[in-house]
Amino acid sequence: MKKYLLEILMFSAYALFAASWVSGALLTPAIQASFGEAGLANATWGSNVITLAKIVGNLGAAVLLMRLGAKRAFTLAMLLIAAGGFGALAGDYSTWLLSRLALGLGGALAIVYFNPVVLHYFSAQDRPLINGVNAAAFNSGNLLALLSTGALAAWLGSWQSVVALYGVMVAALAILWWLSAENFPLSGGPEKPEEKYGLRHGIREGFNWWLPLAYCGVLFCYIAVFALFPLIDGFAVASSHLSAVMIAAGMVGTVAGILVTKRYPLRLPVLRYAGLALVIFAALMLVSRNATIAYSAAALAGFFMFLPMTALVTLPQELPGMTPARITVTFAMFWSISYGVETVLMYGAGLLADVSGEPAYAAYLAVACSASLFVFSFLLPESGKQPVSVKAENGAENATA
């Protein structure tokens, strides 16, 4: 039962990280006003400083795990997320951004540590379900923030109180994790010698580059939905409703992704066709002037944005010779590169909107970049295996030919 308790604590911490991040984005007008700040490009720094922190934190996650062990490393991640609550005490915009930096560092460590914990505690049969649940953690926190931020701010009286509340909740989770967690061998088992596998090994493997490049455009589009799209008017889908529609549909897509990954043995077709469907429906969402079509397209875009996530996370875990040490490096690079590219794209989108005077161009750029999953899926290895019957049929057909 301990593994399920640890899973609940990890999921909850990362969901609250997401809620804190998204609530900060939603409260950006009030936060900027309180510090005398303005401008769309400047507003993106509330999110960009978190992504910058995630780049650094993701790269350092593997080193910290090796030195601290899983128990202390994830406790540190939770405490950094909780430190984001100190933004409530900020006296200026720079100090507020520093609290976002701490929040981002904690989130960076936490998302990388999901994978070695899952690889160690859960069987290959259970991993698609757990990976799918973990893939929904950010979305769950995102949806929580979308549904509650306005009400919490009105009830508590200020944006500072909302930020502080999330910090206190994560600090409580950190205490529970410290009391429950334990360290475990990173080599894949107690009988194996401790593996020395670091970033210098990971950067030599092409797979560790293609995987984040496949995801970075989808990540940019996702973050743009709640960081940029609410600032844009003129779509058939009301900007204030767009995030909720796509995220709610994304939750359904996550469940579908778990089922597909458990029942369908191959991973690349799921990534490829879901990625193509995402681009098509996201584009239709933006260009349609019919509200019914636009809302339906938005829901389908959210569905296909999250359907491939379970397969995407499961694929590296199925590669030959994968251990907790290796998977930590793989996902340290995955999130660091993904967020690095996303940060550049996000700030570029803000500049494009400011220079052109047409914020909708930022949305078009985000949708175009979401094609990365489809394009780079052709460079990824297939980790799944076809059923024996299918292989036999293919062999018979080749022999007949």
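In this convention, every chain numbers its residues from 1, walking through the sequence in written order. Under the rules for a predicted model, residues below a pLDDT of 70 receive no local features and side-chain atom pairs below 80 are neither given nor counted, while totals for whole chains, interfaces and linings still include all residues. Values reported for side chains reflect all heavy atoms of the structure, with hydrogen atoms and water molecules removed beforehand.

K.L.:
It is not clear to me how the overall build of the protein should be interpreted in this structure. Could you clarify?
P.N.:
Secondary structure elements follow DSSP: runs of H or I of four or more residues count as helices, runs of E of two or more count as strands, with numbering from the N terminus. Within the protein, the regular secondary structure consists of 18 helices and 0 strands. Throughout this description, buried means an accessible area under 20% of the type-specific maximum (1.4 Å probe, protein chains only), exposed means over 50%, and partly exposed covers the range between. Sorting the 401 residues of the protein into buried and exposed places 56% on the buried side. Long-range contacts, defined here as pairs at least 24 residues apart, represent 85% of the contacts in the protein between residues at least 6 apart. Each accessible area is a Shrake-Rupley result for a 1.4 Å probe, and residues are judged covered by the shown protein chains and nothing else. Put simply, the protein shows about 16,000 Å² of open surface, and 68% of that area lies on carbon and sulfur atoms. Between two residues, a contact is recorded if the distance between any of their heavy atoms is within 4.5 Å.

K.L.:
Can you help me understand the nonpolar core in this one?
P.N.:
The nonpolar side chains of a soluble globular protein tend to be buried, and buried together. Counting residues in each nonpolar core, the largest one holds 126 residues, and the members touching the most others are Tyr14, Met78, Trp96, Phe138, Phe229 and Met285. Per-element tally for this core: the top contributor is helix H5 (residues 93-121), with 14 residues. Split by domain, this core shows at least three residues from each of two domains, domain 1 (1-186) and domain 2 (198-381). Only buried Ala, Val, Leu, Ile, Met, Phe, Trp, Tyr and Cys residues count toward a nonpolar core, and they belong to the same one when joined by side-chain atoms within 4.5 Å. Where each domain begins and ends is defined by an automated method or by a domain database.

K.L.:
What should I look at first to understand the packing of H5 against helix H6 (residues 127-135) in this one?
P.N.:
Helix-helix packing is described using two parameters, namely the angle between the two axes and the distance between the axes. Fitted lines through C-alpha atoms give the axes, limited to the stretch in contact for helices. The angle between two N-to-C directions lies from 0 to 180 degrees. In the contact formed by H5 and H6, the axes pass within 10 Å of each other and the chain directions differ by 160°. For the element pair H5 / H6, the angle class is roughly antiparallel. Handedness of the H5/H6 crossing: right-handed. Here H5 contributes Phe114, Val118 and Leu119 to the contact with H6, which in turn contributes Arg127, Ile130, Asn131 and Asn134. Residue polarity follows a fixed list, in which Ala, Val, Leu, Ile, Met, Phe, Trp, Tyr, Cys and Pro are nonpolar, Asp, Glu, Lys and Arg are charged, and the others, Gly among them, are polar. Residue composition of the contact of H5 with H6, by class: 4 nonpolar, 2 polar and 1 charged. Any angle that falls under 35 degrees is termed roughly parallel, while one over 145 is termed roughly antiparallel, one within 65 to 115 roughly perpendicular, and all others oblique. Two helices cross in a left-handed way if the nearer one is turned anticlockwise from the farther one by less than a right angle. They cross in a right-handed way if the turn is clockwise.

K.L.:
So what exactly am I meant to see when it comes to a nonpolar patch on the surface here?
P.N.:
Patch definition: residues with relative accessible area over 30% and no salt bridge; like charges joined within 9 Å; nonpolar side chains (Val, Leu, Ile, Met, Phe, Trp, Tyr) joined within 5 Å. Salt bridge criterion: a side-chain nitrogen from Lys or Arg within 4 Å of a carboxyl oxygen from Asp or Glu. Residues Trp155, Leu156, Leu165 and Met169 make up a contiguous nonpolar surface patch of roughly 390 Å² in combined accessible area. Going through the elements one at a time, helix H7 (137-156) and helix H8 (159-180) are the ones with two or more residues in the nonpolar patch. Among the secondary structure elements, Trp155 is positioned in helix H7.

K.L.:
Looking at this structure, how should I read helix H12 (residues 268-287)?
P.N.:
For an α-helix, 3.6 residues make a turn, and residues three or four places apart therefore share a direction. With 20 residues, H12 should cover 28 Å at 1.5 Å per step; its first-to-last C-alpha distance of 29 Å lies within 8% of that length. Here H12 has its buried residues at Leu268, Val270, Leu271, Arg272, Ala274, Gly275, Ala277, Leu278, Ala282, Met285 and Leu286. In this analysis, the expected span of each helix is defined as 1.5 Å times one less than the number of residues it contains.

K.L.:
Would you mind showing me how to read the confidence of the model for the protein here?
P.N.:
A low pLDDT means the predicted coordinates there should not be read in detail. When pLDDT is averaged along the protein, the result is 85, and 89% of the positions lie at 70 or above. One confidence number per residue, pLDDT, is output by the predictor and ranges from 0 to 100. The element-level mean pLDDT for the protein is lowest in helix H18 (residues 388-400), coming to 48, with helix H17 (residues 372-376) highest at 95.

K.L.:
What is the right way to look at the pattern of salt bridges in this model?
P.N.:
When the charged atoms of two side chains with opposite charge come close together, those side chains can pair. Under the criterion given, the structure shown has 3 salt bridges. Between Glu205 and Arg326 there is a salt bridge; the shortest N-O distance is 3.8 Å. Of this pair, Glu205 sits in the loop between helix H9 (199-202) and helix H10 (207-227) while Arg326 sits in helix H15 (residues 324-356); the two residues are 121 residues apart in sequence, bridging distant segments of the chain.

K.L.:
Any chance you could explain the packing of aromatic side chains here in plain terms?
P.N.:
Aromatic ring pairs: the centre-centre distance and the angle between the two ring planes describe each pair. Ring pairs are drawn from Phe, Tyr and Trp, using the six-membered ring of Trp, whenever the two centres fall within 6.5 Å, and their geometry is named by plane angle: stacked under 30 degrees, edge-to-face over 60, tilted for the rest. On inspection of all chains with the given rule, the structure shows 23 aromatic pairs. Their ring planes at 50° and their centres at 6.1 Å tell us that Tyr14 and Phe138 sit as a pair that is tilted. A residue pair is termed long-range when its members are at least 10 positions apart, and Tyr14 in helix H1 (residues 2-26) and Phe138 in helix H7 qualify at 124 residues. Measuring from centroid to centroid gives 5.7 Å for Phe138 and Tyr222, while their planes differ by 65°, and the two rings are edge-to-face. Here Phe138, found in helix H7, pairs with Tyr222, found in helix H10; they are 84 residues apart in sequence, far enough to count as distant. For the pair formed by Phe138 and Tyr222, the shared burial category is buried. Only when the NZ of Lys or the CZ of Arg is both within 6 Å of the ring centre and within 35 degrees of the ring normal is a charge said to sit over the ring. Stacked on the ring of Phe378, the Lys or Arg Arg272 has its end atom at 4.0 Å from the ring centre.

K.L.:
In this structure, what is going on with the side chain of Thr261? I would like to understand it.
P.N.:
Locating Thr261 in the fold gives a position in helix H11 (residues 239-263). Classification of Thr261 by relative accessible area gives buried; the value is 4%. Within the structure, Thr261 has its side chain in polar contact with the backbone nitrogen of Ala311 (distance 3.4 Å). Every residue in contact with Thr261, bar those within four places of it in the chain, is listed here: Pro128, Arg267, Thr310, Ala311 and Thr314. Nitrogen and oxygen atoms within 3.5 Å of one another constitute a polar contact, given that in protein one can donate a hydrogen and the other can accept it, and given that sequence-neighbouring residues count only through two side-chain atoms.

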